[in-house]
Amino acid sequence: MEGSLIYIVAVLGILAMALSTIPREKFKYGLEMAWLIIFIFLAIRYDFGNDYMSYMDAFNWGVSFDDELGAYRTARESEPGWQFLCNLFRPLGFFTLVALLTAFECYVFYSFIKKYVPEGYYWFAIFFFVFTPSIMLIGCSAMRQMLAIAIFVNSIKYIEQRKFLLYIISIFIASQFHTSALILYPLYFLRYYNARGVIVNSLIVIAYIILLLSSEYMREVIESVASIAGEEETVDYYLENAVFQQGGSGLGNILKVLILVYLVGTVHLRNDNNRIPFLLLIVGTFVVPFSLVIPMMGRLGYYFGVCGMVCYPILLKNDIVKEMGGLTVKRLCSAVVLTVVVMLTIFEYMSFFVSPIWIEKFSTYHTIFEVL
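Residues numbered from 1 in each chain as written. Predicted model: local features only at pLDDT ≥ 70, side-chain atom pairs only at ≥ 80, totals over all residues. Heavy atoms only, no water.

Before going further, it helps to spend a moment on the overall build of the protein chain. Secondary structure assignment for the protein chain yields 17 helices and five strands. Taken across its 372 residues, the protein chain has 52% of its residues classed as buried. Within the protein chain, contacts between residues at least 6 apart in sequence are counted, and of these 74% link residues at least 24 apart. Entry remark: accessible area of the protein chain is about 17500 Å², with carbon and sulfur atoms responsible for 66%. (Helix = DSSP H or I, 4+ residues; strand = E, 2+ residues; numbered from the N terminus. Buried < 20%, exposed > 50% of the residue type's maximum accessible area, 1.4 Å probe, protein only. Contact = heavy atoms within 4.5 Å. Areas by Shrake-Rupley, 256 points an atom, 1.4 Å probe, with all protein chains shown as cover.)

Under the definition given, this model contains eight salt bridges. Ionic pairing is found between K361 and D47, a salt bridge with its closest N-O pair at 3.0 Å. In this pair, K361 sits in the loop between α17 (329-352) and β5 (364-367) while D47 sits in the loop between β2 (45-46) and α3 (52-61), placing the two residues 314 residues apart along the sequence. In this structure K361 comes out as partly exposed when scored by relative accessible area, which is 26%. Overall, D47 belongs to the buried group, its relative accessible area being 17%. Each of R24, E32 and K114 takes part in one network of salt bridges that share partners. (Salt bridge = Lys/Arg side-chain N within 4 Å of Asp/Glu carboxyl O.)

Right, let's talk about the packing of aromatic side chains for a bit. Applying the stated criterion across every chain, the model contains 33 aromatic pairs. Between F352 and W358 the ring centres are 5.3 Å apart and the planes differ by 25°, which places this aromatic pair in the stacked class. Its relative accessible area of 4% is what places F352 among the buried residues. Over the ring of F59 we find R90; its NZ or CZ atom is 5.2 Å from the centre of that ring. Just above the ring of F278 sits the side chain of R270; from NZ or CZ to the centre is 4.6 Å. (Phe/Tyr/Trp six-rings, centres within 6.5 Å; stacked < 30°, edge-to-face > 60°. Lys NZ or Arg CZ within 6 Å of the ring centre and 35° of its normal.)

Moving on to the nonpolar core. By size, the foremost hydrophobic cluster in this structure holds 119 residues, and its most contacted members are W35, I38 and M136. Here this core takes twelve residues from helix α7 (residues 143-160), the largest share from any one element. What M136 contacts, discounting residues up to four positions off in sequence, is V9, L12, I38, F41, L42, F129 and V130. (Core = buried A, V, L, I, M, F, W, Y, C linked by side-chain atoms within 4.5 Å.)

Right, let's talk about the environment of F128 for a bit. Relative to the elements of secondary structure, F128 occurs in helix α6 (residues 122-131). C-alpha separation for the pair F128 and I346, spaced 218 residues apart in sequence, amounts to 9.5 Å. Excluding residues that lie within four positions of it along the chain, F128 makes contacts with I135, G308, M309, Y312, V341 and T345.

A separate point is a nonpolar patch on the surface. Together, F27, Y29, M33, L36 and I40 give the surface a local cluster of nonpolar side chains, amounting to about 430 Å² of exposed area. For Y29, the location among the structural elements is in the loop between α1 (5-21) and α2 (30-43). (Patch = residues over 30% accessible without salt bridge, like charges linked within 9 Å, V, L, I, M, F, W, Y side chains within 5 Å.)

As a further point, take the environment of I22. Secondary-structure assignment places I22 in the loop between α1 and α2. The spacing of I22 and Y122 is 100 residues in sequence and 9.8 Å in space, taken between C-alpha atoms.

Turning next to the packing of α6 against helix α16 (residues 308-321). For the pair α6 and α16, the least separation of the axes is 8 Å and the interaxial angle reads 145°. Handedness of the α6/α16 crossing: right-handed. Counting all contacts with α6, which are made through W123, F124, A125, F128 and F129, the residues of α16 involved are G308, M309, Y312, P313 and L316. Of the residues belonging to the contact of α6 with α16, the class tally is nine nonpolar, one polar and no charged. (Axes fitted to C-alpha atoms, helices over the stretch in contact; angles between N-to-C directions. Left-handed = near helix turned anticlockwise from the far one by under 90°. Nonpolar A, V, L, I, M, F, W, Y, C, P; charged D, E, K, R; others polar.)

With that out of the way, let us pick up empty space enclosed by the protein. Under the criterion given, the structure shown has two cavities of 30 Å³ or more. By volume, the largest cavity is sized at about 50 Å³. Every residue lining the largest cavity is listed: R45, V98, L101, T102, E105, G139, C140, M143 and M146. Within the residue set of the lining of the largest cavity, elements represented by two or more residues are α5 (94-116) and α7. A total of four residues in the lining of the largest cavity trace back to one element, the largest contributor, which is α5. Taken together, the residues of the lining of the largest cavity sort by class into five nonpolar, two polar and two charged. Put simply, the second largest cavity is a space of about 40 Å³. In terms of lining, the second largest cavity is formed by L42, T102, E105, C106, F109, F129, C140 and M146. (1 Å grid on protein atoms, 1.4 Å probe; cavity = no way out; pocket = protein on both sides within 12 Å on 5 of 7 lines; lining within 4 Å. Points joined across faces, edges and corners; volume = space filled by probe spheres on them.)

As structure tokens, then:
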């Protein structure tokens, strides 16, 4: 079975969204069926993304594949968690490992949506999961980081529940699959953030704009930090192989500032049960200026981008649908921001499939049945 991936993913997304819109009194398992077809689609994938075949070869050869450096690593050099999984599943085969990891990740994201997203708005969360390239598409190619992301998403509840030790243990486990997860340790303290601080909120936006405008000078800062951390070789690799994007897309950056202003300005309106995902989404925006210098740093943003799956449906219900009265300023701003977010998502989805970086391995959908 094979076909043009851009259309197959679109059909998958529309079908999953349709299933998740069915009222639970008419069909109790609409959301579950949506995730079931997503799971099947991802579980039987083959040669899916830039790194799939390298991961499979590394699995069979008993080594590890670094999806960032694009190189094979020995067991001693690789993340111990991933090497352990490969050794554990080697008798069962690579396809079994992929299927079980997919089941775990789908369950985590399903639970994440079920916990935070209001009933009746599941379809909007499914939209962001399927059509945001950095979540489903790239995530299922960068397998180690996707697993680390799923573990992190599952640990967000520990921040809210004030279970510090469980959160630390979760991030430690995630870092055993992808060392980038180490940056997640301090995020536990977001629960102490005073969302009503107008001055602090204003400084956040100003800091982001300054970072965005000064991205041209960040190269020196990154090199200095790398030197202190003893990671000059790795950072030099990224800098030498990066295409410097001075300022990126001007319109895109302006729109992202607009989104950030709204998120920061309304985060105090979120209740204690859903404020943490909004704060994480805000933190994730600060990856953008650094990714303009080193595009691979954009991968750090993947940990936070998944929060959009639950934040934007909450925003749709609470700030637009639930807002009382006629056309209020809040409702108008919310509608503008959501429209921008949806348009950016669709634009990124369409651009993804014509990008020279991704087009070769994301043009056709293959399944394991072609090689069994």
